[in-house]
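# Structural overview
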Amino acid sequence: MHHWQKILMMAALMLSGSLYADDDHEGDHHRQPNHTRVKAPAAWQAECGSCHMAYPPGMLPPAAWKKHMDTLRQHYGSNATLDAADEKAIRDFLQLASSENRQPVPTSKPGEPPRITDTRWFQHQHDEIAPAIWKRKSVGSAANCMACHHGAAQGDFDEDSVRIPR
Ligand code: HEC
Ligand code: HEC
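Attention here is on the structure that accompanies the text. Just so it is clear, the model here is predicted, and its values are computed rather than measured.

What the protein contains, in helices and strands, is six helices and zero strands. Listed N to C, the secondary structure of the protein is α-α-α-α-α-α in terms of helices and strands. Taken across its 166 residues, the protein has 36% of its residues classed as buried. In the protein, the share of contacts with a sequence separation of at least 24, taken over all contacts with a separation of at least 6, comes to 58%. Summing over all exposed atoms, the protein offers an accessible surface of approximately 10,500 Å²; the carbon and sulfur share of this is 54%.

So, in structure tokens, the structure goes:
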């Protein structure tokens with residue numbers, strides 16, 4: 001990835017990250033003109049954040065989230081099904097809040113929905129992390145963002161708040 005592509009990608013991620021995280025910035029003039037404001041339904045944090053962190057919607061394109069929502073019964077070996085009302089609210093939220101992500105849907109293993117950790121930008125950002133680190137007990141897997149990104153729950157993936165645990 002070229003440097004400018006990285007910058008564009010990070011800008012897109014931050015924008016989408018801010019979609020649900022900064023309700024108090026109503027008068028922010030630095031926002032992009034077509035920026036969509038979407039408020040997360042309570043069920044999203046409660047349900048999609050119960051087994052792992054509620055991953056920021058902007059980290060996958062809309063088509064990838066659709067695959068997730070269509071396959072909740074077989075979600076990486078877990079059953080993540082929801083009642084109909086929550087399912088619809090989360091489905092609609094993920095579609096809208098990810099709409100600025102134009103990246104391709106990452107290739108997934110058979111029977112799995114697409115992973116953030118399989119996107120090219122993710123792998124590029126983490127290419128200096130040795131494979132053994134992901135497998136440390138303190139990390140578990142690359143999907144466990146919070147093991148290293150201490151501000152992840154607040155949508156903060158800034159390098160200042162990264163610390164790889166032993
Ligand atoms: C019952 C537990 C459970 C619930 C509820 C759940 N998930 Fe997951 N999810 C998992 C497991 C297990 C994995 C695989 C984690 C790993 O590989 O370390 C996963 C992985 C993911 C990944 C891929 C992470 C990566 O590697 O990039 C995404 C995206 C995801 N879940 C989204 C969701 C969304 C959206 C919801 C709510 C609709 C949800 N999850 C609810 C258990 C759950
Ligand atoms: C083993 C620790 C570890 C895990 C787990 C991890 N990361 Fe990272 N991440 C890093 C390190 C180290 C960097 C590079 C920081 C730097 O640029 O110096 C990084 C960089 C990033 C960046 C770019 C930050 C910037 O300011 O340039 C993003 C975005 C990011 N990670 C998101 C994620 C997400 C999302 C997850 C979970 C799906 C995740 N990371 C899991 C360690 C980790």
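Around ligand 1 sit 20 residues, and of these Cys 48, Cys 51, His 52, His 75 and Ser 141 come closest. His 52 places a polar side-chain atom, nitrogen or oxygen, 2.8 Å from a nitrogen atom of ligand 1. Contacts to ligand 1 include His 75, whose side-chain N or O atom sits 2.8 Å from a nitrogen atom. Those elements giving two or more residues to the shell around ligand 1 turn out to be α2 (42-48) and α3 (62-70). In terms of residue count, α3 provides more of the shell around ligand 1 than any other element does, three residues in total. Per-class residue counts for the shell around ligand 1 are 10 nonpolar, eight polar and two charged.

Let us now look at the site of ligand 2. Residues in contact with ligand 2 amount to 21 residues; listed here are only the nearest, His 126, Cys 145, Cys 148, His 149 and Phe 157. In this structure, a nitrogen atom belonging to ligand 2 sits 2.8 Å away from a side-chain N or O atom of His 126. Contacts to ligand 2 include His 149, whose side-chain N or O atom sits 2.8 Å from a nitrogen atom. Looking at the shell around ligand 2, the elements that each hand over two or more residues are α5 (120-125) and α6 (131-134). Among the elements that line the shell around ligand 2, the one with the most residues is α5, at three residues.

The next point concerns the coordination of the iron atom of ligand 2. On the protein side, the iron atom of ligand 2 has His 126 (NE2) and His 149 (NE2) as donor atoms, found 1.9 Å from it. One way to put it: the six donor atoms around the iron atom of ligand 2 meet at angles of 87 to 179 degrees, and that makes the site octahedral. Taken together, the positions of His 126 in the loop between α5 and α6 and His 149 in the segment after α6 put the pair 23 residues apart, joining distant regions of the chain. The burial state of His 126 is the same as that of His 149; both residues are buried.

Together, Asp 156, Asp 158, Glu 159 and Asp 160 line one region of the surface with negative charge. Along the chain, the position of Asp 156 falls in the segment after α6. In this structure Asp 156 comes out as partly exposed when scored by relative accessible area, which is 32%.

On to the side chain of His 75. Structurally, the position occupied by His 75 is in the loop between α3 and α4 (84-97). Using a relative accessible area of 14% as the deciding quantity, one classes His 75 as buried. Residues contacting His 75, with those up to four places away along its chain left out, are His 52, His 68, Ala 80 and Pro 113.

Quick notes on the rules
Numbers given to residues run from 1 along each chain, matching the order in which its sequence is written. Here chains are named by letter from A upward and ligands by number from 1 upward, in the order in which they appear as written. Owing to the predicted nature of the model, reporting of local features is limited to residues with pLDDT of at least 70; listing and counting of side-chain atom pairs is limited to 80 or more, with chain, interface and lining totals taken over all residues. Side-chain calculation: all heavy atoms of the structure are included, whereas hydrogens and water are not. Strands are runs of DSSP state E lasting at least 2 residues, helices are runs of H or I lasting at least 4, and numbering of each runs from the N terminus. Each residue's exposure class comes from its accessible area (1.4 Å probe, protein chains only) as a fraction of the maximum for that residue type: buried when under 20%, exposed when over 50%, partly exposed otherwise. The criterion used for residue contact is that any of the two residues' heavy atoms lie within 4.5 Å. For accessible areas, the Shrake-Rupley method is used with a probe of radius 1.4 Å. Any residue's cover is judged against the shown protein chains and nothing else. Whether a residue is near a molecule or strand depends on its heavy atoms: it is near if one of them lies within 4 Å of it. Polar contacts, as used here, are pairs of N or O atoms within 3.5 Å; protein pairs need one atom able to donate a hydrogen and one able to accept it. Residues neighboring in sequence count only if both atoms are side-chain atoms. Three categories are distinguished: nonpolar for Ala, Val, Leu, Ile, Met, Phe, Trp, Tyr, Cys and Pro, charged for Asp, Glu, Lys and Arg, and polar for the others, with Gly belonging to the last. Donor atoms are limited to N, O and S found within 2.8 Å of the metal ion, a distance that becomes 3.2 Å for Na, K and Ca. With water left out, some sites might look partial. Working rule for geometry: tetrahedral if four donors all subtend angles between 85 and 135 degrees; square planar for four, octahedral for six, if opposite donors exceed 155 degrees and the others stay between 65 and 115; irregular in every other situation. Two distance rules govern patches: like charges are joined within 9 Å, and nonpolar side chains (Val, Leu, Ile, Met, Phe, Trp, Tyr) within 5 Å, applied only to residues with over 30% relative accessible area and no salt bridge. Basic side-chain nitrogens of Lys or Arg form a salt bridge, by our definition, when they fall within 4 Å of a carboxyl oxygen of Asp or Glu. None of His or the chain ends enter the tally, which takes Lys and Arg as positive and Asp and Glu as negative. Each charge is placed at NZ for Lys, CZ for Arg, CG for Asp and CD for Glu.

In short, geometric facts, not functional conclusions.
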